[in-house]
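Okay, here's what each chain looks like letter by letter:
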Amino acid sequence: MRVLGIETSCDETGVAIYDTDAGLLADALYSQIALHAEFGGVVPELASRDHTRKLLPLVDQVLGEAGLTKHDLDGIAYTAGPGLVGALMVGACTAHGMARALHIPVLGVHHMEGHLLAPMLEENPPPFPFVALLVSGGHTQLVDVRGLGDYRLLGESVDDAAGEAFDKVAKMLELPYPGGPQVAALAEQGRSERFRFPRPMTDRPGLDFSFSGLKTHTLTALHKLREQDALDAQARADVARAFEDAVVDTLVIKCRRALKESGRQRLVVAGGVSANRRLREALDTALVKMGAQAFYPRGRFCTDNGAMIAYAGAQRLAAGQRSQTLQPRPRWPLAELTPPEA
Ligand code: ATP
Ligand code: MG
Ligand code: FE
């Protein structure tokens, strides 16, 4: 089954074609980063308008790259939520309109299920069951994954997502949006011994996270340095490093705990922050020690993309699942999902 996947939940227009026999045939991405950069964050109305402009040309592009026409498609999957309602609406309307015209099935996919399944597109995909750490701009969650659509939430952030904290710290450091990769790059020049920031909620049992206090701690550290007239290039890098170390350490501690408590031996790490090099190194080292293994998407499939939506949609469409109505779900808890009915 050849499935066109459409992702428009936030500030990336992603389109891809996944074939359940041949694998990923094509994928294309248009990022709106430059459009939103001057506002320091995503402007919802501008995002919707830009998706409208870019989506159909990207569909033509992936069809061309795959050597197909739209009549060769067997189904269409789109991100139905969670995300910005106007942005989601562009993908949903396009998907339903195309599917109606082509007389093929259509399905609204959960954006975080897309992220969660992204490592399935790699050479060595993780078999079920596994624990998933979803770390992105809007989510920090640990999920026990028993199979497709069989998700149990183990823990999540009670305030900011890890990616959101990276983005806010970037702003404090006057780095451009989106800040995660920028903070990580600056931290490369930083020294880990100079400051030690707190590892929130690691000193008590449980699998929830909190990154809001760490963000405030970072702001206070920067204020102090500024007051002492000591905020030079090295100090900024040292702060970035201390912040990154704290986030990475916290995530590693909770992942180890989740694996121990669930008895799973595999960890899937997905979402934008899973691109972070130091996080991957720390997780790999920690997991080897416990006889477990981590699985990641390739770099460009960590952040939003159409390939993960095409893949997730193809699994469900091939099992017979359909969406009859066009209903974006800006808020949609992952644990509400169920496996496709046989
Ligand atoms: P969600 O998936 O929760 O709806 P989103 O789609 O906006 O949110 P993603 O596109 O998955 O999030 O990821 C973007 C986030 O990842 C941003 O917060 C960005 O700063 C962060 N990020 C990307 N690369 C890195 C990196 N190398 N280190 C740290 N953070 C990173
Ligand atoms: Mg994005
Ligand atoms: Fe995302």
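Under an unreviewed UniProt entry, the name given to the protein chain is tRNA N6-adenosine threonylcarbamoyltransferase, and the organism recorded is Salinicola socius. Check the Sequence similarities (unreviewed entry) section of the UniProt entry for the protein chain; it says "Belongs to the KAE1 / TsaD family." For the protein chain, the Subcellular location (unreviewed entry) comment in UniProt is given as "Cytoplasm".

(A) View of the coordination of the magnesium ion (ligand 2). Taken together, Asp11 (OD) and Glu12 (OE) make up the protein donors of the magnesium ion (ligand 2), found 2.4 Å from the metal. Look at Glu12 and you get buried, because its relative accessible area is 10%.

(B) Quick look at the pattern of salt bridges. Tallied over the full model, the rule gives 23 salt bridges. Two residues, Asp144 and Arg152, come together in a salt bridge whose shortest N-O distance is 3.6 Å. Here Asp144 falls in the buried class, since its relative accessible area comes to 2%. A relative accessible area of 40% means that Arg152 is categorised as partly exposed. For the salt bridge of Asp245 with Arg241, the shortest nitrogen-to-oxygen distance reads 3.1 Å. Here Arg241 and Asp245 lie together in helix α8 (residues 233-262), a separation of four residues that amounts to about one turn. For Asp245, a relative accessible area of 16% corresponds to the buried category. In this structure Arg241 comes out as buried when scored by relative accessible area, which is 15%.

(C) Here's a closer look at the coordination of the iron ion (ligand 3). The protein atoms that coordinate the iron ion (ligand 3) are His111 (NE2), His115 (NE2) and Asp304 (OD), at distances of 2.1 Å. Each donor residue of the iron ion (ligand 3) belongs to the same chain, with the gaps between them written as H-x3-H-x188-D. With His111 and His115 both in helix α4 (residues 111-117) and four residues apart, this pair spans about one turn of that helix. Each member of the pair, His111 together with His115, is buried.

(D) Just the site of ligand 1, in detail. Taken together, the neighbourhood of ligand 1 is formed by 20 residues, with Ser136, Gly138, His139, Asp167 and Asp304 sitting nearest. His115 has a polar side-chain atom sitting 3.2 Å from an oxygen atom of ligand 1. Measuring from an oxygen atom of ligand 1, one finds a side-chain N or O atom of His139 at 2.6 Å. Burial of ligand 1 by the protein chains amounts to 88% of its free accessible area of 650 Å².

Analysis parameters
Residues numbered from 1 in each chain as written. Chains lettered and ligands numbered in written order. Predicted model: local features only at pLDDT ≥ 70, side-chain atom pairs only at ≥ 80, totals over all residues. Heavy atoms only, no water. UniProt positions renumbered as here; feature names shortened; annotations may be inferred. Donors = N, O, S within 2.8 Å, 3.2 Å for Na, K, Ca; no water. Buried < 20%, exposed > 50% of the residue type's maximum accessible area, 1.4 Å probe, protein only. Salt bridge = Lys/Arg side-chain N within 4 Å of Asp/Glu carboxyl O. Helix = DSSP H or I, 4+ residues; strand = E, 2+ residues; numbered from the N terminus. Near = heavy atom within 4 Å. Polar contact = N/O pair within 3.5 Å; in protein donor to acceptor, adjacent residues only side chain to side chain. Areas by Shrake-Rupley, 256 points an atom, 1.4 Å probe, with all protein chains shown as cover.

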